[in-house]
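Coordinate analysis (summary)
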Amino acid sequence: MNLMNLKKIIFILSLSVSVVCQAKTINDSLYIEPDINRILPDDCDACGCAAGNGSSGFESLLNPQFIGIKYFAQHYKAKENLFVKDLTQDQYFNTLQVWGKIPLTEKLSVYASLPFHFHEKKTMQGDININGIGDLNLMGIYRIISSKDSFHQLNGGLGVKIPLGRFDEKGASGVNPSFQLGTGSWDYQAALNYKFQKNRLAVLVNTDYTIKTENRKKYRFGNQWNYAATGFYQVAGNKNTIFSAKAGLQGEVYDQNKQFNEVLPNTAGSALYGKFGFEASYKKFSLGSEVMLPVYSNLAGGDIEAKSRFSVFINFGI
């Protein structure tokens, strides 16, 4: 990461924290009553969340009202060009986002996230960098089922992605068309989230599907299905402090991209990740982090290989 990008990260973090710190209350990614863990599923697009839109819309289905900031990094290996067999090109997707969830009624809430992307790929001709605001995500979340003993909970969500990020048609012709700040299109999402939670143990299962539409350049990214299963265990906790460990699997499947309604080759694929991390809170302050490593990767007909992902967030209640 070059010095200019580092300065941008510091500036945005400072700006975000100055806004967030005005919030009244905070809880960890999932408010937890005295014996209960917090849960924050994490998901993104298989070749870079900027263009794929991933499933960031359901990340906080079970969270309380909050506002926070999150950093998310992805690393891929890709073919340099059509005439190179080996995967020699490193691609780094970095996202810093402001996000939050605000309750409207007892069962209905609104989730929103606004990302800032700074991506880099290393080529034989030199490094290529793009940075700027990404697409705004909005989602309505409804609690469908909640058992009296609170062991079971089912939430559903419907969302929309508003195309604020810039789409570069020239960039879409590269090995990884998702090297973008946005899709340039209005995309729509449906999500389901089920939680079983008892004492110190919790299991969370998520799935969501994103329908992507054609943008002004007649380019359409393929629809995407995401799924994840995560186990949580509260290692330690008292009235003011909670520390939980988590581990699980997360998968992504996406369709082929199209341009002028013609299918583009080597644009579909799938990937499966193993993940582990933690969440910790002290009173109104929460911190969490997660590492994801590929178990299986078949992206863009083998032209792209998933390497790793990392995320860290800090939340404040409102």
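Each chain has its residues counted from 1, following the order in which its sequence is written. Local features in this predicted model are restricted to residues whose pLDDT is 70 or higher, and side-chain atom pairs enter the listing and the counts only when it is 80 or higher, whereas totals over whole chains, interfaces and linings include all residues. The side-chain quantities take in all heavy atoms of the structure and omit both hydrogens and water.

A few words on the sheet that holds strand S12 (residues 258-259). The antiparallel open sheet is built from 3 strands, whose spatial order is S9-S12-S13. Of all the strands in the sheet, the pair left with one neighbour each is strand S9 (219-220) and strand S13 (262-263). Strands are labelled as partners when DSSP assigns at least two bridges between them. Runs of H or I in DSSP of at least four residues are treated as helices and runs of E of at least two as strands, each being numbered from the N terminus. The pairing of S9 with S12 spans 2 bridges and is classified as antiparallel. Paired with Arg220 across the two strands is Lys258, which belongs to S12.

What follows deals with the side chain of Asn155. Take Asn155: it is sitting in strand S6 (residues 152-162). Residue classification places Asn155 among the buried positions, given a relative accessible area of 4%. Polar contacts involving the side chain of Asn155 include one to the side chain of Gln153, which spans 3.2 Å. For each residue, the accessible area found with a 1.4 Å probe, counting protein chains only, is set against the maximum for its type, and the residue is called buried under 20%, exposed over 50%, and partly exposed in between. Within 3.5 Å is the distance limit for a polar contact, defined as a pair of N or O atoms, with the added protein rule that one can donate a hydrogen and the other accept it, and that residues adjacent in sequence qualify only through two side-chain atoms.

Okay, the packing of aromatic side chains next. Here a pair means two rings of Phe, Tyr or Trp (six-membered ring of Trp) with centres within 6.5 Å. Their orientation is stacked below 30 degrees between planes, edge-to-face above 60, and tilted elsewhere. All chains considered together, the criterion is met by 13 aromatic pairs. Centre to centre, the rings of Trp99 and Phe313 are 6.1 Å apart; their planes meet at 65°, and the pair counts as edge-to-face. Of the two residues, Trp99 is situated in strand S2 (residues 89-103) and Phe313 in strand S16 (residues 304-317); the sequence distance between them amounts to 214 residues. This pair shows no difference in class: Trp99 is buried, exactly as Phe313 is. Taken together, the ring pairs in this structure connect Phe66, Trp99 and Phe313 into an aromatic cluster. By definition, being over a ring means that NZ of Lys or CZ of Arg is both within 6 Å of the ring centre and within 35 degrees of the ring normal. For the cation-ring pair, Lys121 lies above Phe179, with the distance from its terminal atom to the ring centre recorded as 4.7 Å.

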